[in-house]
Amino acid sequence: MTIVNVARLRRLGGVSVVALAMAGTALPALAERISWGDPVAVGDGQARVAVSEQTDGIPSSVAVVLSAGVLEGLPTETPDQHEWEYLLSMPDDSPITGYRHIGLNWNPHGHIPEGIYSVPHFDLHFYLIDEAERQAITFQGPDREARLAPPENTLVPAGYMIPPDSAVERMGVHGIDTDSEEFHGQPFTRTFVYGYDAGRLIFLEPMVALDYLRSRPVDTLPVKTPAAYNLPGYYPGRYRVVYAPATDEYRVELLDLRPFPATPAKTL
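Residues numbered from 1 in each chain as written. Predicted model: local features only at pLDDT ≥ 70, side-chain atom pairs only at ≥ 80, totals over all residues. Heavy atoms only, no water.

Quick word on the nonpolar core
Here is step 1 of the chain: Val-62, Tyr-99, Leu-104, Phe-122, Phe-126 and Leu-204 are the most contacted members of the largest nonpolar core, which totals 64 residues.
Here is step 2 of the chain: Ranked by residue count, the leading element in this core is strand β11 (residues 200-209), at seven residues.
Here is step 3 of the chain: Leaving out residues up to four positions away in the same chain, Val-62 has contacts with Val-49, Ala-50, Val-51, Met-90, Thr-97, Tyr-99, Ile-102, Phe-126, Val-252, Glu-253, Leu-254 and Leu-257. (Core = buried A, V, L, I, M, F, W, Y, C linked by side-chain atoms within 4.5 Å. Buried < 20%, exposed > 50% of the residue type's maximum accessible area, 1.4 Å probe, protein only. Helix = DSSP H or I, 4+ residues; strand = E, 2+ residues; numbered from the N terminus. Contact = heavy atoms within 4.5 Å.)

Topic: the pattern of salt bridges
Here is step 1 of the chain: A full pass over the atoms with the stated rule returns 18 salt bridges.
Here is step 2 of the chain: Note that Asp-179 is salt-bridged to Lys-224, the shortest N-O span being 2.4 Å. Within this pair, whereas Asp-179 is found in the loop between β9 (173-177) and β10 (190-197), its partner Lys-224 is found in the loop between β12 (218-222) and β13 (233-235), the two being separated by 45 residues in sequence.
Here is step 3 of the chain: Classification of Lys-224 by relative accessible area gives partly exposed; the value is 27%.
Here is step 4 of the chain: Of the charged contacts in the structure, one is a salt bridge between Glu-253 and Arg-240, with a shortest N-O distance of 2.8 Å. On the criterion of sequence distance, the pair formed by Glu-253 in strand β15 (residues 249-255) and Arg-240 in strand β14 (residues 238-244) is long-range, its members being 13 residues apart.
Here is step 5 of the chain: One salt-bridge network, held together by shared partners, links Glu-133, Asp-143, Arg-147, Asp-197 and Arg-200. (Salt bridge = Lys/Arg side-chain N within 4 Å of Asp/Glu carboxyl O.)

Details of unusual backbone geometry
Here is step 1 of the chain: Between Ile-112 and Pro-113 the backbone carries a cis peptide bond, its omega angle lying at -5 degrees.
Here is step 2 of the chain: In this structure, Pro-113 sits in the loop between β6 (101-107) and β7 (121-127).
Here is step 3 of the chain: In this structure, Phe-139 takes a positive phi of about 55 degrees despite not being glycine.
Here is step 4 of the chain: Summarising the element assignment, Phe-139 is placed in the loop between α3 (131-135) and α4 (144-147).
Here is step 5 of the chain: Backbone geometry places Ala-198, a non-glycine residue, at a positive phi of 50 degrees.

Looking at the sheet that holds β7
Here is step 1 of the chain: A sheet is described by the order of its strands in space; here seven strands give the open sequence β5-β6-β7-β11-β10-β9-β8, paired in antiparallel fashion. Of all strands in the sheet, those bounded by a partner on one side alone are β5 (84-89) and β8 (160-161).
Here is step 2 of the chain: Direction of pairing for β9 relative to β10: antiparallel, over a ladder of three bridges. Looking at the pairing, His-174 lines up with Gly-195 of β10. (Pairing = 2+ DSSP bridges.)

Regarding the environment of Leu-74
Here is step 1 of the chain: The topology assignment puts Leu-74 in the loop between β4 (59-67) and β5.
Here is step 2 of the chain: It is 9.7 Å that separates the C-alpha atoms of Leu-74 and Asn-107, two residues lying 33 residues apart in sequence.
Here is step 3 of the chain: Setting aside residues no more than four positions away along its own chain, Leu-74 makes contact with Val-42, Gly-43, Trp-106, Phe-122 and Leu-210.

Digging into the pairing of β14
Here is step 1 of the chain: Pairing of β12 with β14, which is carried by five bridges, proceeds in the antiparallel orientation. Directly across from Pro-222, in β14, lies its bridge partner Arg-238.
Here is step 2 of the chain: Sheet topology places β14 next to β15; seven bridges connect them, and they run antiparallel. Directly across from Arg-240, in β15, lies its bridge partner Glu-253.
Here is step 3 of the chain: If you look at the hairpin formed by β14 and β15, you'll find four residues sitting between the two strands, and Asp-248 has a positive phi there, around 55 degrees.

Section: the confidence of the model for the protein
Here is step 1 of the chain: When pLDDT is averaged across the protein, the result is 88; 87% of the residues are at 70 or more.
Here is step 2 of the chain: In the predicted structure, residues 1-30 sits below a pLDDT of 50 and forms 57 contacts with residues beyond four places in sequence or in another chain. (pLDDT = per-residue confidence, 0-100.)

Focus: the packing of aromatic side chains
Here is step 1 of the chain: The final tally for this structure, using the stated rule, is 13 aromatic pairs.
Here is step 2 of the chain: Measuring from ring centre to ring centre gives 5.5 Å for Phe-192 and Tyr-194, while their planes differ by 65 degrees; the resulting arrangement is edge-to-face. Exposure class is identical for Phe-192 and Tyr-194. Each is buried.
Here is step 3 of the chain: When the centroid spacing of 3.7 Å and the interplanar angle of 15 degrees are considered together, the rings of Tyr-229 and Tyr-235 count as stacked.
Here is step 4 of the chain: On the accessibility criterion, Tyr-235 (2% relative accessible area) is buried.
Here is step 5 of the chain: Through a chain of ring-to-ring contacts, three or more aromatic side chains come together here, namely Tyr-99, Phe-126, Tyr-229, Tyr-235 and Phe-260.
Here is step 6 of the chain: It is Arg-48 that lies over the ring of Trp-36; its NZ or CZ is 3.9 Å from the centre. (Phe/Tyr/Trp six-rings, centres within 6.5 Å; stacked < 30°, edge-to-face > 60°. Lys NZ or Arg CZ within 6 Å of the ring centre and 35° of its normal.)

Some words on the environment of Thr-220
Here is step 1 of the chain: With respect to the helices and strands, the residue Thr-220 is situated in strand β12.
Here is step 2 of the chain: Overall, Thr-220 belongs to the partly exposed group, its relative accessible area being 39%.
Here is step 3 of the chain: Residues contacting Thr-220, with those up to four places away along its chain left out, are Arg-238, Tyr-239, Arg-240 and Leu-255.

What follows is the structure in structure tokens.
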């Protein structure tokens, strides 16, 4: 199974290309390479997206790469602001992955549940919807109940639950892994979250604590996967949080990407 070269990807668009890949259509191969998104200033450093692809043009990983300076000079909480979001664009010349953009959220004092995630950390939202769709998620107005509708069981991995207070505007509702160490007496270091809107799975979210990053981790972890996905794309079987001394950078990376077609989902 292959996927088209970059020039053809630009012409065909994301959904049709994934459909071709699902159908097993033979397509031209590419040289192995990494595509980079535009850098964004964060703290005293910068963050950007890197998409790696195999020689046949199929994406092998999608990563957020943080220079070492990102861990310093971060904004602190004020009475008017408790969280900062940095919008990271996907590379223009990468193969289509299904991810439309990435929101890097800095939480200087963490967030709920109190005593679990109330430590300084980053949330990395790999969104499967575009920015306009995301901005429309307000949980207000006549579509509030529809947006809060729970997803089908097939879209939720085993061991995950969606707390009743997990809806966040311009994000969605959050599904958390109850088997994670932080729910079993250990401090929070990293975890993997799924996000939903109107019963649709719309983002994947590794969360990483600041102190954990400062420890310069080299961890590759399994991703619990649902039985189905309602949007087509390349979904991970593992994720990695790693410090790379050669470049003095940190990577939070989706690995073992496999293509999945869309399945019927609830709509507003």
